[in-house]
Amino acid sequence: MPRPYALLAACLAFASAPTPSAASAAPPVHLPPSGWSQEKQAVHVLNRLAYGPSPASLAEVQAMGVQAWIWAQLHPDTLEDAAVLAKLSNFRSLQMTTAERLSAYQPEAKLAKERGVDLTDPEARAKLLEEMPLGAMPRQMGLELVAAKLIRATESRRQLQEVLLDFWFNHFNVAAQKGAVRWMLASYEREALRPHLFGSFRALLGAVAHHPAMLFYLDNWMSTRDGLDLAALRRSNVPVPKKLAEGGKLGLNENYARELLELHTLGVDGGYTQADVREVARCFTGWGIDRPRQVGTFAFHPLAHDGGEKQVLGTTVPAGGGMDDGERVLDLLAASPATAHFLARKLAQKFVADAPPPALVERLARTYLDTHGDLSSVYLALFASPEFWSEQAFDGKTKTPLEFAVSAVRALGGSTYGDAPLVKAVDAMGEPLYRAQPPTGWPEVATPWVNAGALVTRINFALALTAGRISGTQVVLPSEAAGSSPGAQVDSLALRVLHTPLSETTRATLLRAVGQGENDAMPDGERRPLDSAKVAGLLLGSPEFQKQ
Amino acid sequence: MRPALSFDRRLFLKSTGLAFLGLGFAPGFLARAVAQTTRHRRALVLVFLRGGADGLSFVPPVGDPAYYAARPTLALGRPGAEGAALRLDDTFGLHPALGPLLPLWQDGALAVVQAAGLQGATRSHFDAQDFCETGTPGLKTTADGWLNRSLQQLPEPGAGAFRAVALQGTLPRSLQGAAPAVALDGLSSFHLSGKGGLDSFEALYAGAVDQALRTTGQEAFEALRATASADLGNSPPDNGAVYGKTPLARRLQDTARLLRAGVGLEVVATEMGGWDTHVGEGGATGQLAARLRELAEALSAFARDLGPRLADVTVVVMTEFGRTVRENGNRGTDHGTASVMLALGGGVRGGRVYGGWRGLDGPGLFEDRDLAIRVDVRSVLGEALQASLAPPDLSSVFPGFSGSRVGLFG
């Protein structure tokens, strides 16, 4: 993944060309003057390029300097992260190939069939489940995947990498609950997404297009040229989807082609037609999976491929191109100005504002085209833009449930094993991880996340977290500083969580909530200890903490 | 059509509204309750059976010998015998586990649609549920759901937090979109943990800079207060209704509580799982029968609880697809096409099976395996909408759809 330095330098109009030896000393990140304090700058980058400030990360940014920290985040391999990697080493399902997962985590029904167990007999079923070691059930894969995501988001020093993985997973969404996808998810993240987060968009797009998780999720593995003979397909050992074998029709499936154009590249207003969707689908016929329930790797099935000539977005894809037809389409799409614009807008929406300034989007799209889709160049242009450092951008985005939960743990210097209570909390707030059903993924804008039930759930999570009731996830509450008044303690806790002084009204509300008046010390000066867990809960549940 | 009276909000004013005034709370919620007494909409309650419920066991065509040929072990006996289907008409019976619903059928409050499905849909749970909820089969990127689009057409800036409620963990696709909707797992868990937090959080949110958070906070705290002050999570059922301990019973009980409390409830979406009966489906007893009993008991308790107020509610029960006509080698059924829908409550022309029967060969059979669609799901949903919320423009609730009329409501 380390990218050639020369490429990075060439991509950055505003950067002086670094040399490897000088790199750590003089990071090529030039920020526009914001007039902000060092702390405010640090809080802002940690809100956007990370899952919120933690005491340690805040200290790290301030020690390194904001520029150097951003540069390091863009080069995650330069950041030592052994503690987190060690914590993840127990999750064996995450290291397995899809085939290994398919064999290690067999569905209950398959096992029942092998052993001739009638699953409708409650006793027989219970016995089977008892005999299946807990760690060998398919749900174990989901537990490990989600736990690892939460651990990394909370504790990894490579914060931008985790933020971007979440962003691109969501951009190229697949859902664990669709058929064989859950066996393919570890490989999808590990092999299709992670290696390409900081590289060229074309490489990322290609890796996703080839990955069985996407081929399965959007049905491309079932798509064949029209009029294909089922018997011929069987004779050539091409796996025939069960649905087809049961009497369905062979032929073109447009699902992947449509989402590729609409969601992955050009955008819904990207100027393509229904005819383009169909032609693109023809190009991708034969892009399939080698035995999805046993092997689960990419396979091209020449027999299923439509060998004729295609017209895609005004370009002729000549007959006889075979598997390369798909590659041609990906080349075309990755180089399109519509794609540049669509991705620029989505990134600006993620990192700057729900309604990003059009001028920023234009500049980012230009950077994308000038660098042939080099993602790091686009990120850097974004992080160095005046819009990113504008007063409107500061605290201008509403946190998603994942961002809220993880930032709450981080704010109080906490840590997590990603155990069920934290997972369930994120679920209950409306973002069950890896289970966004539609190909659009989770929404990036605030509106869908802000509703009464979800808000109450967020508040209850804040109270439970600070009260120590989210087992497997710990936070650190400050111990009472000797001699300081309740008011001073509330102020200090608020600064730590919100990084801004409290208004008088809010301060009074918080003190009242914990039954502390400013002047109600006993005559001898003794005070009831401040319920700092409750104050922290109120701060994390406050409207200010929902923003980043 | 008789006007569907709103729930007795005067009672609500007495029990909760005055309490608000007395305690000096913002009367916005109260004002809305007053305003809503002038409106006459039925509430719409949608129950989604996830997994693909077997319509041919729900409402078996006991008058057709082909049914018995296709299902040697699963078919239910002809009405009259022990454990047999209950008689609906000459063609159809009702699964015996659905017995608790028979009185509603006899009263004309319950109607059945046989062979309902979504044209151009799919046999994938995932896609089929999605299409049922967006209301746009074949189009995967529709951003909002059909229930939400209906609410968007009836903007009500002052509507309370409980106008549209999903009684399940997350907001289903049908309720996603620009119109506000609340998802909560149940009223008994809809409260702030700990003591005294409500006032503090209310004060914090009243001062929120972010307008959406300020508004939503206000809604949430109003809803919390309404829930708490009427002790909604504990309000007992009326008319001696007894709810079971099942998730659906709990959710329908909460629905009845909200309806009774007059909090401006117009839409409820909820769900029930366990319908994907590939293996060992069972007949008069067994796996499917247990699910059916759970469904019937919950609906029956709900109807009893509401009593005459059932006329102010339209309940629709649906599933994403039906199952294969022929049973498979595991004494179960596989993913199919058309299934059953139920309509219960106000305005329903009940006691009838709509859709009809065309046998199990020829036009009645789809792709030589499934029950063919007689009625588009959207026709039923559209008519239920007209009988309840009455959004002015159904064609944008179900874009591109112009199905034929079923005549389910009158």
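Residues numbered from 1 in each chain as written. Chains lettered and ligands numbered in written order. Predicted model: local features only at pLDDT ≥ 70, side-chain atom pairs only at ≥ 80, totals over all residues.

Assigned secondary structure in chain A consists of 28 helices and 6 strands. Every one of the 548 residues in chain A was classed for burial, and the buried ones make up 48%. In chain A, the proportion of contacts linking residues at least 24 apart, taken out of those at least 6 apart, comes to 72%. (Helix = DSSP H or I, 4+ residues; strand = E, 2+ residues; numbered from the N terminus. Buried ≥ 20, exposed ≤ 12 C-beta atoms within 10 Å, placed from the backbone. Contact = placed C-beta atoms within 7 Å.)

What follows is about the overall build of chain B. Across its full length, chain B carries 13 helices and 13 strands. The 410 residues of chain B split such that 58% are buried. Considering only intrachain contacts with a sequence separation of at least 6, the fraction spanning at least 24 residues in chain B is 74%.

Counting from both sides, the interface comprises 45 residues of chain B and, opposite them, 42 residues of chain A. Elements supplying a minimum of two residues to the side of chain B that touches chain A: helix 6 (125-134), strand 6 (182-183), helix 8 (197-206) and helix 9 (211-229) of chain B. A per-element tally of the side of chain B that touches chain A places helix 9 of chain B first, with 8 residues. For the side of chain B that touches chain A, a count of residues per class yields 21 nonpolar, 16 polar and 8 charged. (Nonpolar A, V, L, I, M, F, W, Y, C, P; charged D, E, K, R; others polar.)

Right, let's talk about the confidence of the model for chain A for a bit. Chain-level statistics for chain A give a pLDDT mean of 89 and a share of 89% at 70 or above. Counting interchain partners and residues more than four positions distant, the pLDDT-below-50 stretch residues 1-26 of chain A has 28 contacts. (pLDDT = per-residue confidence, 0-100.)

Once that is clear, we can look at unusual backbone geometry. All names here are of chain A. Of note, the phi angle at Tyr-434 is positive, near 65°, even though the residue is not glycine. Locating Tyr-434 in the fold gives a position in the loop between helix 24 (420-428) and helix 25 (452-466). Classification of Tyr-434 as partly exposed rests on a count of 19 C-beta atoms within 10 Å.

Below, the discussion takes up the pairing of strand 2 (residues 297-300) of chain A. All names here are of chain A. Summarising the sheet, strand 1 (residues 287-290) and strand 2 pair through 4 bridges and their orientation is antiparallel. Bridge pairing in strand 2 links Trp-287 to Phe-300. Joining the antiparallel neighbours strand 1 and strand 2 is a turn of 6 residues, in which Arg-291 adopts a positive phi near 35°. (Pairing = 2+ DSSP bridges.)

This part covers helix 11 (residues 159-171) of chain A. All names here are of chain A. Look at helix 11: 18 Å from first C-alpha to last across 13 residues, which is about the 18 Å you get at 1.5 Å a residue. Those residues of helix 11 lying buried are Gln-159, Leu-160, Gln-161, Glu-162, Val-163, Leu-164, Asp-166, Trp-168 and Phe-169. Summarising the contacts, the buried residues of helix 11 are in contact with helix 5 (66-74), helix 10 (139-155), helix 12 (181-193) and helix 13 (201-210). (Expected span 1.5 Å × (residues − 1).)

Residues and elements named next belong to chain A. Relative to the assigned elements, Leu-204 resides in helix 13. By the C-beta count within 10 Å, which is 23 here, Leu-204 ends up buried. Ignoring sequence-local partners within four residues, the contact set of Leu-204 consists of Trp-168, His-196 and Gly-199.

Turning next to the packing of helix 17 (residues 255-264) of chain A against helix 18 (residues 274-283) of chain A. All names here are of chain A. Where helix 17 contacts helix 18, the axes come no closer than 8 Å and their chain directions differ by 120°. Here helix 18 runs oblique to helix 17, going by the angle between their axes. Considering only the axes of helix 17 and helix 18, their crossing is right-handed. In contact with Ala-257, Arg-258, Leu-260 and Leu-261 of helix 17, helix 18 contributes Asp-276, Val-277, Val-280 and Ala-281. Its residues assigned to classes, the contact of helix 17 with helix 18 shows 6 nonpolar, no polar and 2 charged. (Axes fitted to C-alpha atoms, helices over the stretch in contact; angles between N-to-C directions. Parallel < 35°, antiparallel > 145°, perpendicular 65-115°, else oblique. Left-handed = near helix turned anticlockwise from the far one by under 90°.)

Residue and element names in this part refer to chain B. For chain B, per-residue confidence averages 86 on the pLDDT scale, and residues scoring 70 or more make up 90% of the total. Between residues 1-39, whose pLDDT stays under 50, and residues either more than four places distant or in other chains, the model counts 56 contacts. In the model output, the complex is listed with pTM 0.79 alongside ipTM 0.86.

The next subject is the nonpolar core. Ranked by internal contacts, the top residues of the largest apolar core, which has 269 residues, are Leu-364 of chain A together with Met-341 and Val-380 of chain B. The element contributing the most residues to this core is helix 11 (residues 287-306) of chain B, with 11 residues. Setting aside chain neighbours within four positions, we find Leu-364 of chain A in contact with Ala-344, Leu-347, Ala-348, Val-378, Ala-381 and Leu-382 of chain A. (Core = buried A, V, L, I, M, F, W, Y, C linked by C-beta atoms within 7 Å.)

Residues and elements named next belong to chain B. With respect to the helices, strands and loops of the structure, Arg-78 is situated in the loop between helix 4 (65-70) and strand 2 (86-87). Assessed through the 14 C-beta atoms surrounding it within 10 Å, Arg-78 is described here as partly exposed. A C-alpha to C-alpha distance of 7.7 Å links Arg-78 and Gly-63, two positions 15 residues apart in sequence. The residues touching Arg-78, leaving out its near neighbours within four places in the chain, are Val-62, Ala-84 and Ala-85.

A few words on the packing of helix 10 (residues 247-261) of chain B against helix 11 of chain B. Residues and elements named next belong to chain B. Packing of helix 10 against helix 11 brings their axes to within 9 Å, and their N-to-C directions diverge by 15°. One element, helix 10, and the other, helix 11, form an angle in the roughly parallel class. Helix 11 is crossed by helix 10, and the crossing has right-handed handedness. For the pair formed by helix 10 and helix 11, the contact residues are Leu-248, Ala-249, Leu-252, Thr-255, Ala-256 and Leu-259 on the first element and Glu-294, Leu-295, Glu-297, Ala-298, Ala-301, Phe-302, Asp-305 and Leu-306 on the second. Class assignment for the residues of the contact of helix 10 with helix 11 results in 10 nonpolar, 1 polar and 3 charged.

Right, let's talk about the environment of Ser-415 of chain A for a bit. Residue and element names in this part refer to chain A. Relative to the elements of secondary structure, Ser-415 occurs in strand 5 (residues 415-416). A tally of 17 C-beta atoms within 10 Å means that Ser-415 is categorised as partly exposed. When residues no more than four places from it in sequence are discounted, the contact partners of Ser-415 are Thr-154, Glu-155 and Gln-474.

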